[in-house]
Amino acid sequence: MTRLLRCAFVGATALLFVARIGAQSSTVETPEANPGRPTVSTPATLTPVGYLQFENGGLYAETSPEFKTLFGINQVTKLTVASRLQLLALSEPLVQASGATGDALSGSRPGEVFAGFQAVVLPGERHKPTVSLSYIHRLYASPAPELDIGTFKNSALILVSDDLAGFHFDINGIFSEQTKGTVRRGQFGQTLSISHPLGRLTVAGELWHFTQPLTNRNAVGNLWAVSYTVRKNLVLDAGFDHGLTSSSTHWQRFAGFTYLLPHRLWGAHHSE
């Protein structure tokens, strides 16, 4: 698994390099990236059709029921194959933790791998919000410790996005299956993210809640982040998250970027 993840990273890096060179001589206007990070909430809107989007970042967390400190690298790849259908691949190439408890293991190891899709049910227009459904399945379970919301085997999401009075809203309802040995429990989560653009800078605040069915507790937190649009297809971000309950991770700090490859993977460029 480690070798496979390394190969995937080398391949992604090569794609980015080739795309950057090609973009310098391209006269076709590059579409805008649609970042899903750094908030917990995922936007209901999709990325441009036919373009690969990479969302990469690092996270440092401390003081959690499962660990003392944790550093992780996370990566999400998105490809919209039709106007209402997007494919997703999510992975943690590296998780390094100390003071792990329970069945979790300290040290450095690859994290979990997921795959899924997101489909638009009601496209937004004028004052109507965009409504989507998403399904994600775990392909690889890691012994590395998890954040306060835990991990899941299967997850279904209802996503709503809208703009109102100069603010952007992303609302998620999350229904997941958590497992431990032969035990299976349902997890429920709700997230609300509100952001406001200030030129190239965007400021976002978020409240989130997840049940913790394996311990009969609840994790609640608030997140604050800023993102900066370097160019239409490259967005940088950074921020922090603070847990509000005893079973939440006390602090998380993160930074990363979203990059949309500037060339369509198939066919000629057309306005979507």
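The rules behind each value
Residues numbered from 1 in each chain as written. Predicted model: local features only at pLDDT ≥ 70, side-chain atom pairs only at ≥ 80, totals over all residues. Heavy atoms only, no water. Helix = DSSP H or I, 4+ residues; strand = E, 2+ residues; numbered from the N terminus. Contact = heavy atoms within 4.5 Å. Phe/Tyr/Trp six-rings, centres within 6.5 Å; stacked < 30°, edge-to-face > 60°. Buried < 20%, exposed > 50% of the residue type's maximum accessible area, 1.4 Å probe, protein only. Polar contact = N/O pair within 3.5 Å; in protein donor to acceptor, adjacent residues only side chain to side chain. pLDDT = per-residue confidence, 0-100. Pairing = 2+ DSSP bridges.

S.K.: Explain the overall build of the chain to me, please; I cannot follow it from the model alone.
M.R.: For the chain, the helix and strand inventory stands at one helix and 13 strands. Taken from N to C terminus, the helices and strands of the chain fall in the order α-β-β-β-β-β-β-β-β-β-β-β-β-β. Pairs at least 24 residues apart make up 54% of the contacts formed inside the chain by residues separated by at least 6 positions.

S.K.: Sorry if this is basic, but what is going on with the packing of aromatic side chains here?
M.R.: Each aromatic ring pair is summarised here by two numbers: the centre-to-centre distance and the angle between the ring planes. On inspection of all chains with the given rule, the structure shows five aromatic pairs. Seen in terms of ring centroids, Phe117 and Tyr135 are 6.3 Å apart; in terms of plane orientation they differ by 45°. Their pairing is tilted. One end of the pair, Phe117, is in strand β5 (residues 113-122); the other, Tyr135, is in strand β6 (residues 130-140), with 18 residues separating them in the sequence. Taking the relative accessible area as the measure of exposure, Tyr135 reaches 32% and is therefore partly exposed. When the ring of Trp208 is compared with that of Phe210, the centres are 6.0 Å apart and the planes differ by 55°; the resulting orientation is tilted. The two residues Trp208 and Phe210 agree in class, both being buried.

S.K.: Before we go on, may I ask you to explain the environment of Trp208 in this structure?
M.R.: Counting through the fold element by element, Trp208 comes out in strand β10 (residues 201-212). Note on Trp208: relative accessible area 4%, which makes it buried. Separated by 36 residues in sequence, Trp208 and Asn172 place their C-alpha atoms 9.3 Å apart. A polar side-chain atom of Trp208 sits 2.7 Å from a polar atom in the side chain of Asp241.

S.K.: Sorry if this is basic, but what is going on with the environment of Tyr228 here?
M.R.: Positionally, Tyr228 belongs in strand β11 (residues 217-231). Remark: the alpha-carbon pair of Tyr228 and Pro197, spanning 31 residues in sequence, is separated by 9.5 Å.

S.K.: Would you take a moment to explain the side chain of Asn172 for this structure?
M.R.: The residue Asn172 is located in strand β8 (residues 167-180) in this model. Only 2.7 Å separates the side chain of Asn172 from the backbone nitrogen of Thr42, close enough to count as a polar contact. Here Asn172 is in contact with Val40, Ser41, Thr42, Leu157, Ile158, Leu159, Val160, Gly189, Gln190 and Thr191, once residues within four sequence places are set aside.

S.K.: Is there a simple way to think about unusual backbone geometry in this case?
M.R.: Most of the time, phi is negative for any residue but glycine, and the peptide bond is trans. Of note, the amide linkage connecting Arg37 to Pro38 takes the cis form, showing an omega dihedral of 10°. Unlike most non-glycine residues, Thr63 shows phi in positive territory, near 60°. One can find Thr63 in strand β1 (residues 52-64). Located in the positive-phi region is Asn216, a residue other than glycine, with phi close to 55°. Within the element layout of this structure, Asn216 appears in the loop between β10 and β11. For Asn216, a relative accessible area of 71% gives the class exposed.

S.K.: Teacher, can you tell me more about the confidence of the model for the chain here?
M.R.: Atom-level detail of predicted coordinates should not be read off regions where pLDDT is low. Looking at the chain as a whole, the pLDDT averages 90, with 88% of positions reaching at least 70. When the criterion is pLDDT under 50, residues 14-19 qualifies, and its contacts beyond four places in sequence or with other chains add up to nine contacts. For the stretch residues 21-26, pLDDT sits under 50, and the model shows four contacts to residues farther than four places along the chain or on other chains.

S.K.: Please clarify how the pairing of β10 should be interpreted in this entry.
M.R.: Two faces make up the sheet, and in a regular strand the side chains alternate between them. Where strand β9 (residues 183-198) and β10 come together, 10 bridges link them in antiparallel fashion. For Leu192, the partnering residue across the bridge sits in β10 and is Leu207. Linking β9 to β10, which pair antiparallel, is a turn of two residues; within it Gly199 sits at a positive phi near 70°. Here β10 pairs with β11 via 12 bridges, running antiparallel. Looking at the pairing, Val203 lines up with Val226 of β11. Connecting β10 to the antiparallel partner β11 that follows it, the hairpin turn spans four residues, and Asn216 within it adopts a positive phi of roughly 55°.

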